[in-house]
There are 2 protein chains.
Amino acid sequence: MAETKASDSKTPDSKTPDSTRRSERSRRAIYDAALALVGEVGYARTTIEGIAARAGVGKQTIYRWWPSKASVLLEAFVDLGVRAGEALGGDADSVIPDTGDLEADLKLVLRATVDEMNDPGYDAPSRALAAEGVVDPELGARFVEQLLEPQLRLYVDRLSAAREAGQVRPEVDPRIALELFVGPLTHRWLLRTAPLTHAYADSLVEYAVRGLAPR
Amino acid sequence: MAETKASDSKTPDSKTPDSTRRSERSRRAIYDAALALVGEVGYARTTIEGIAARAGVGKQTIYRWWPSKASVLLEAFVDLGVRAGEALGGDADSVIPDTGDLEADLKLVLRATVDEMNDPGYDAPSRALAAEGVVDPELGARFVEQLLEPQLRLYVDRLSAAREAGQVRPEVDPRIALELFVGPLTHRWLLRTAPLTHAYADSLVEYAVRGLAPR
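Cut-offs used in this document
Residues numbered from 1 in each chain as written. Chains lettered and ligands numbered in written order. Predicted model: local features only at pLDDT ≥ 70, side-chain atom pairs only at ≥ 80, totals over all residues. Heavy atoms only, no water. Helix = DSSP H or I, 4+ residues; strand = E, 2+ residues; numbered from the N terminus. Buried < 20%, exposed > 50% of the residue type's maximum accessible area, 1.4 Å probe, protein only. Contact = heavy atoms within 4.5 Å. Areas by Shrake-Rupley, 256 points an atom, 1.4 Å probe, with all protein chains shown as cover. Arc of directions from axis to C-beta. 1 Å grid on protein atoms, 1.4 Å probe; cavity = no way out; pocket = protein on both sides within 12 Å on 5 of 7 lines; lining within 4 Å. Points joined across faces, edges and corners; volume = space filled by probe spheres on them. Nonpolar A, V, L, I, M, F, W, Y, C, P; charged D, E, K, R; others polar. UniProt positions renumbered as here; feature names shortened; annotations may be inferred. Least-squares fit on C-alpha atoms with pLDDT ≥ 70 in both. Buried area = accessible area lost by both parts, 1.4 Å probe. Salt bridge = Lys/Arg side-chain N within 4 Å of Asp/Glu carboxyl O. Polar contact = N/O pair within 3.5 Å; in protein donor to acceptor, adjacent residues only side chain to side chain. Phe/Tyr/Trp six-rings, centres within 6.5 Å; stacked < 30°, edge-to-face > 60°. Lys NZ or Arg CZ within 6 Å of the ring centre and 35° of its normal. Core = buried A, V, L, I, M, F, W, Y, C linked by side-chain atoms within 4.5 Å.

### Structural notes on the overall build of chain A
For step 1, the next point in the chain: Broken down by element type, chain A carries 10 helices and 0 strands.
For step 2, the next point in the chain: Put simply, chain A runs from its N terminus to its C terminus through helices and strands in the order α-α-α-α-α-α-α-α-α-α.
For step 3, the next point in the chain: Residues counted as buried form 50% of the 215 residues belonging to chain A.
For step 4, the next point in the chain: A separation threshold of at least 6 residues defines the contact pool for chain A, and within that pool the share at least 24 residues apart is 65%.
For step 5, the next point in the chain: Carbon and sulfur atoms make up 54% of the accessible area of chain A, which totals about 9900 Å².

### Section: helix α2 (residues 48-55) of chain B
Residue and element names in this part refer to chain B.
For step 1, the next point in the chain: The set of residues buried in α2 consists of I48, I51, A52 and A55. Viewed along the axis of α2, the buried residues span an arc of 100°, placing them on a single side of the element.
For step 2, the next point in the chain: G56 occupies a position one or two residues after α2 and carries a positive phi of about 70°.

### Regarding empty space enclosed by the protein
For step 1, the next point in the chain: Under the defined criterion, the tally for this structure stands at 1 cavity of 30 Å³ or more.
For step 2, the next point in the chain: The computed volume of the largest cavity comes to approximately 50 Å³.
For step 3, the next point in the chain: Contributing to the lining of the largest cavity are A:G183, A:T186, A:H187, A:L190, A:L191, B:G183, B:T186, B:H187, B:L190 and B:L191.
For step 4, the next point in the chain: Listing elements by their share of the lining of the largest cavity, those giving two or more residues are α9 (179-191) of chain A together with α9 (179-191) of chain B.
For step 5, the next point in the chain: Grouping the constituent residues of the lining of the largest cavity by class yields 4 nonpolar, 6 polar and no charged.

### Brief notes about the UniProt feature "DNA-binding region" (unreviewed entry) in chain A
For step 1, the next point in the chain: UniProt tags residues 47-66 of chain A as "DNA-binding region" (unreviewed entry).
For step 2, the next point in the chain: Between the first and last C-alpha atoms of residues 47-66 of chain A the distance is 13 Å; the span itself is 75% helix and 0% strand.

### Some details on the relation of the copies chain A and chain B
For step 1, the next point in the chain: You can overlay chain A on chain B at an RMSD of 0.0 Å; the transform is a turn of 180° with a shift of 0.0 Å along its axis. Accordingly, the operation relating the two chain copies is best matched by a two-fold axis. It is A:G211 whose C-alpha, among those of chain A, lies nearest the rotation axis, at 1.6 Å.
For step 2, the next point in the chain: Interface overlap between copies is the fraction of interface residues in one copy that are interface residues in the other; for chain A against chain B it reaches 100%, indicating a shared surface.

### Some thoughts on the interface of chain A and chain B
Many structure descriptions define interface size as the accessible area lost when the parts assemble.
For step 1, the next point in the chain: Between chain A and chain B, the residue contacts involve 42 residues of the former and 42 residues of the latter.
For step 2, the next point in the chain: A combined buried area of about 3800 Å² lies between chain A and chain B, and 64% of that area is made up of carbon and sulfur atoms.
For step 3, the next point in the chain: Linking chain A to chain B there are 2 salt bridges.
For step 4, the next point in the chain: With a closest N to O distance of 2.6 Å, A:E179 and B:R188 form a salt bridge.
For step 5, the next point in the chain: Counting across the interface, chain A meets chain B through 12 residue pairs in polar contact (both at pLDDT 80 or more).
For step 6, the next point in the chain: Those elements that place two or more of their residues in the side of chain A that touches chain B are α6 (120-135), α7 (137-164), α8 (174-177), α9 and α10 (198-212) of chain A.
For step 7, the next point in the chain: Looking at the side of chain A that touches chain B element by element, the count peaks at 10 residues for α9(A).

### Brief notes about the side chain of A:S126
All names here are of chain A.
For step 1, the next point in the chain: Its place among the elements puts S126 in helix α6.
For step 2, the next point in the chain: Accessibility expressed as a relative area gives 5% for S126, which makes it buried.
For step 3, the next point in the chain: For S126, the residues in contact, after removing those within four places along its chain, are F77 and W189.

### Quick word on the environment of B:T193
For step 1, the next point in the chain: By the secondary structure assignment, B:T193 is in the loop between α9 and α10 (198-212).
For step 2, the next point in the chain: With near-sequence residues (within four places) excluded, B:T193 lies in contact with A:V144, A:L148, A:E149, A:R175, B:H187 and B:R188.

### Here we look at the packing of aromatic side chains
For step 1, the next point in the chain: This model, assessed by the stated rule, comprises 6 aromatic pairs over all chains.
For step 2, the next point in the chain: With centroids separated by 5.8 Å and ring planes inclined at 85°, the aromatic side chains of B:W65 and B:W66 adopt a geometry described as edge-to-face.
For step 3, the next point in the chain: When the ring of B:Y122 is compared with that of B:W189, the centres are 5.9 Å apart and the planes differ by 40°; the resulting orientation is tilted. Of this pair, B:Y122 sits in helix α6 (residues 120-135) while B:W189 sits in helix α9, and the two are 67 residues apart along the sequence.
For step 4, the next point in the chain: Here B:W189 falls in the buried class, since its relative accessible area comes to 6%.
For step 5, the next point in the chain: Each member of the aromatic cluster is reached from another via a ring pair, and the members are A:Y31, A:W65 and A:W66.
For step 6, the next point in the chain: The cationic tip of A:K69 hangs over the ring face of A:Y43; the distance from NZ or CZ to the ring centre is 4.3 Å.
For step 7, the next point in the chain: Over the face of the ring belonging to A:Y200 we find A:R188, whose NZ or CZ atom lies 3.6 Å from the ring centre.

### Quick look at the nonpolar core
In a soluble, globular protein the nonpolar side chains are often hidden away together inside.
For step 1, the next point in the chain: In this structure, A:F181 and B:F181 are the most contacted members of the largest nonpolar core, which totals 131 residues.
For step 2, the next point in the chain: Leave out the neighbours within four places in its chain, and B:F181 touches B:L106, B:L110, B:Y155, B:L159, B:L204, B:V205, B:A208, B:V209 and B:L212.

### Some points on unusual backbone geometry
For step 1, the next point in the chain: Within the chain, A:R192 stands out as a residue other than glycine whose phi angle is a positive 50°.
For step 2, the next point in the chain: Along the chain, the position of A:R192 falls in the loop between α9 and α10.

### With respect to the pattern of salt bridges
For step 1, the next point in the chain: Applying the stated criterion across every chain yields a total of 28 salt bridges over all chains.
For step 2, the next point in the chain: For A:R28, the salt bridge goes to A:D79, with nearest N and O atoms at 3.0 Å. Placement of the pair is A:R28 in helix α1 (residues 17-41) and A:D79 in helix α4 (residues 69-87), with a sequence separation of 51 residues.
For step 3, the next point in the chain: Judged by relative accessible area, which is 26%, A:R28 ranks as partly exposed.
For step 4, the next point in the chain: Put simply, B:D123 and B:R127 hold a salt bridge, and the shortest N to O gap is 3.1 Å.

### Some remarks on the side chain of B:T186
For step 1, the next point in the chain: Looking at where B:T186 falls in the secondary structure, it is placed in helix α9.
For step 2, the next point in the chain: Judged by its relative accessible area of 13%, B:T186 is buried.
For step 3, the next point in the chain: Looking at B:T186, its side chain comes within polar contact range of the main-chain oxygen of B:V182, at 2.6 Å.
For step 4, the next point in the chain: Discounting residues that sit within four places of it in the chain, B:T186 has contacts with A:H187, A:L191, B:M117 and B:L191.

Here it is in structure tokens:
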């Protein structure tokens, strides 16, 4: 229905302010449609056609911008992450604060992650994509490389800074240590073994930070 | 093909030694077929008919013993776990040893878990079932209740014993603490973020046990 409003009729080079705004609107509508659809029907049954119909754009608009369903979805998730970072008031490149208090900083981040995992708008599509990555190694690798590793690097940076500040033992490997925080959270989220609460996030941080600190 | 050899023609009460042996053989063949199939084609495309054909039994044999595909698979996994426990030389009810050295005992168990996760015969079906549980809350709940929680309880028991022995602080909750071990392992396994090695398992145990211990 919004076909005429979208930038379908423009060439990609016609970057007038109006067409840029319309492209941006279409892109956002496509992201939202892709995330909603994959959350509702799962990865396998999400199609480019379905995303286009829901976004109110022609499917050629999607094919022009992305080579595959996996590409649209991964980009939609990257965008979701950027928006979540902005909503937290942080700049997207450094979402883990460094106040000098490692435990307090990690509690803040893990509590925000808990809130995100409990948010149906994040939970449903993320769960669908994660499940598909579990059984599809190629998609899983893209998921890890494009979505997960950039987040994990923020933990590596924060833990490395804490190590330099003497709050983490010199022999601790930050790439392993970060998994003491994200591993349990993800385990509880994906397998739904027990409720994800702020108190749980706090306990994880207390137990693990103590294990990393010098005596 | 093995239809005539299976116990199909017997009533369930005819427990002569021969029919019991044949039933046991059919049951094992059905478990093996179910695990192989779900690992190859995924949960959604695994059918009772497919399992029956691969096991060489009539599908009525399966319907007589199990109400659904999920039930066959969950039982096959329980059986796989029991056999893995036996192969480790332990008795199935207490796979975590208690030598008095918490760190050594957990390293042993986590290394064995790493080996299991790296074994294609375990990896493929477990991954398929876990992925389905991620997006199917009802199956996920059965998976957790029947397969995962009994394993987690072994950690609760071992950590509680360590707490009583003064090796874990009194205020530590064993049900949360165990996630410092199983969470990261499962995260690495399901998302394939990095190789699962014994050295990795050892580091996890060293970091986490230190966080649980009194100073």
